[in-house]
Structure formats: structure tokens, C-alpha cells
Amino acid sequence: MPAAKRVRKGRFITFEGGEGAGKSTQVKRLVEALAARKIETVATREPGGSPNAEELRKALLAGLVAPLGPAAEAMIFSAARIDHLDALIKPALARGAYVVCDRFADSTRAYQGALGKLSEDFIDGLERVTVGDAMPDLTFMLDLPAEDGLARAGARRGNGTVDRFEAEKLDFHLALRDAFKTIAARNPQRCVVIDASRSADDVAADVWRAVETRLLGQKASS
Ligand SMILES: Nc1ncnc2c1ncn2[C@@H]1O[C@H](COP(=O)(O)OP(=O)(O)O)[C@@H](O)[C@H]1O
Ligand SMILES: [Mg+2]
């Protein structure tokens, strides 16, 4: 039985990339730019973004799920994503808002899929049942050398403790960068790779240009 086609009046934008790439910084900048245009915008993040998913975030980032292996970890990220989509993202898009999300399904594909050595079939299937046709309209891959991102994340953290993924070795972060680039190369209609080693202003200018040309110029589709 075909489900009624969901009407997406708003636009869904995600930021992806390694630790310290500048995702949170750029989410904030883009939300400000959209607000200046009087466009209703919802800023959110993964894992988390809804009360239930934020509970799962705590367990994931504390490393409580890691001992169960990458398949289980991918499933818990996906469980959080289902709630986030249902409670926040889909209702916002249906009423015509822009949703700007800090990490989304590509992070599961890169971290648990590529790095956890899960099969593409597994990740494809999980993404299909979790996200379905709610994939982003536009994804920014913030790209910079892994060492630079880790140095930024380290400076941001100060004396705080590292989370489950920041604690991984440099090799992990080098492979992560490749994994995001591969996703971008395979999805050129959705993904824009941005050189994130430049100033936050330069990065924000590229992001805004892409939003203007790819989204603001278009009419909402159903
Ligand atoms: N383009 C940039 N150049 C230099 N430092 C940056 C840039 N963008 C962000 N930062 C800083 O680097 C740190 C990590 O940025 P953040 O946006 O938190 O990254 P992410 O969310 O991708 O981990 C923060 O302290 C932030 O202020
Ligand atoms: Mg961040």
C-alpha cells in the first residue's frame, strides 16, 4: 500500500565532517543568515535533537554502546535518528521551516559504516528504514586535514574530557576524512565539499553561496 507522499515545504540542510571541522560554528552562522532573511529556521544536532534522542546521545558519546560493536552502535544512532525525525525534523519541514542539522546519516555511514567496516548493504538498509525519503536537500562536507581538526577540537575542549570519538587514534580520523569525501563524490547532487581550513568567514560565505544557488532560488517541491 503506497504511503501518501509527504509534502516537504521546508528545506533540510546538514553539516558533516570530522571533529573540529567547524560544523557547530557554521550551523550557527547559517541559522543567523537565514533568520536575517526572515526564514523560519530550526537548528538541531545529532546524535540528539529531541528529548529521547538526547538521552541516547549521552550513552553513545559516553561510549556505553561501543562495546556492543559497530552494528549495534549504528542501530542506536539510527534509533535516535528515528525519534529526531519524527519529533522535530519532519514536522518542521512540513510547516515550511528550514532545518539545519549538525551531523546526520552521513556520519553513521562514515563512522560506523566505513570505519566500523560494516557492509554497504547493512548501512544502505539501515538508512532506508531510518531516513527513507527524508534525506537532506543539501549537505555540506566541511573538509580539512584531520590533524588540524583535532587541534581545533583540543583547543575548544581545554581541560575537558574527550568523548568516545575524539578519543580515537589519528588513523581513525584520517580514514574518516576519506569516508566523507567518498560519500560526497557519490552524491554530488546533494553534497558540497567545502575547504574548512580557511577562516570561519570564508567558509560561511561559501556555504551561503551554495544555499542561495541551490535552495533559495528554487520553489518548494512536494
Ligand atoms: N574556520 C575556522 N578557523 C579556525 N577556527 C575555527 C574555525 N571554525 C571553527 N573554529 C574553532 O574551532 C573549534 C571547533 O569548531 P566547531 O564549530 O566546534 O567544530 P565541530 O562542531 O565541527 O567539532 C571551535 O573552538 C571553533 O571556535
Ligand atoms: Mg560541534
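What this report covers is the structure whose coordinates are included nearby. Bear in mind that the values here come from a model prediction, so they are computed numbers and not experimental data.

1. Re the overall build of the chain
Assigned secondary structure in the chain consists of eight helices and five strands. Each helix (α) and strand (β) of the chain, taken in turn from the N terminus, gives the series β-α-β-α-α-β-α-α-β-α-α-β-α. Taking 2.2 N^0.38 as the reference for a compact globule, 222 residues should give roughly 17 Å; the C-alpha atoms of the chain span a radius of gyration of 17 Å, in line with that estimate. Seen through its C-alpha atoms, the chain measures out along the principal axes to roughly 45 × 45 × 30 Å. Restricting to contacts in the chain with at least 6 residues of sequence separation, those with at least 24 account for 83%.

2. Regarding the nonpolar core
In this structure, Val99, Val100, Met141, Leu142, Phe180, Ile194 and Val207 are the most contacted members of the largest nonpolar core, which totals 35 residues. The greatest single-element share of this core, amounting to five residues, is contributed by helix α7 (residues 170-186). Excluding anything up to four places from it in sequence, Ile194 contacts Phe140, Met141, Leu142, Asp143, Val203, Asp206 and Val207. Listed in part, the eight residues of the second largest apolar core include Leu56, Ala80, Ile123 and Leu126.

3. Some points on the site of ligand 1
Taken together, 15 residues form the shell around ligand 1, and within it Gly22, Lys23, Ser24, Thr25 and Arg156 come nearest. The set of elements that each furnish at least two residues to the shell around ligand 1 consists of α1 (23-36), α6 (146-157) and α8 (200-216). Considered class by class, the residues forming the shell around ligand 1 number five nonpolar, six polar and four charged.

4. A few points about the sheet that holds strand β5 (residues 191-195)
Spatial ordering of the open sheet is given by β2-β3-β1-β4-β5, a layout of five strands whose pairing is parallel. In this open sheet, the two edge strands, each paired with only one partner strand, are β2 (41-45) and β5. Going from strand to strand, the sheet's axes swing by 20° on average, the running direction of each strand aside. Inspection of the sheet shows β2 paired to strand β3 (residues 98-102) by five bridges, in the parallel sense. The partner of Thr44 across the bridge, within β3, is Cys101. Packing against the sheet, α1 makes contact with β1 (11-17), β2, β3 and β4 (138-143), and its axis sits at approximately 165° to β3.

5. Thoughts on the packing of α1 against α8
Running from N to C, α1 and α8 cross one another at 55°; their axes reach a closest spacing of 10 Å. Here α1 lies oblique to α8, going by the angle between them. Like other packed secondary-structure pairs, α1 and α8 cross with a definite hand, here right-handed. Seen from α1, the contacting residues are Thr25, Gln26, Arg29, Leu30 and Ala33; seen from α8, they are Ala200, Val203, Ala204, Val207, Trp208 and Val211. Residues of the contact of α1 with α8, tallied by class, amount to eight nonpolar, two polar and one charged.

6. A look at the packing of helix α3 (residues 70-94) against helix α5 (residues 120-130)
Running from N to C, α3 and α5 point in directions that differ by 15°, and their axes come no closer than 10 Å. Here α3 lies roughly parallel to α5, going by the angle between them. Crossing handedness for the pair α3 and α5: right-handed. Between α3, through Ala71, Ala74, Ser78, Arg81 and Ile82, and α5, the contact on the second element is made entirely by Phe122, Leu126 and Thr130.

Scoring rules and cut-offs
Residues numbered from 1 in each chain as written. Chains lettered and ligands numbered in written order. Predicted model: local features only at pLDDT ≥ 70, side-chain atom pairs only at ≥ 80, totals over all residues. Helix = DSSP H or I, 4+ residues; strand = E, 2+ residues; numbered from the N terminus. Rg over C-alpha atoms; globule rule 2.2 N^0.38 Å. Contact = placed C-beta atoms within 7 Å. Core = buried A, V, L, I, M, F, W, Y, C linked by C-beta atoms within 7 Å. Buried ≥ 20, exposed ≤ 12 C-beta atoms within 10 Å, placed from the backbone. Near = placed C-beta within 6 Å. Nonpolar A, V, L, I, M, F, W, Y, C, P; charged D, E, K, R; others polar. Pairing = 2+ DSSP bridges. Axes fitted to C-alpha atoms, helices over the stretch in contact; angles between N-to-C directions. Parallel < 35°, antiparallel > 145°, perpendicular 65-115°, else oblique. Left-handed = near helix turned anticlockwise from the far one by under 90°.

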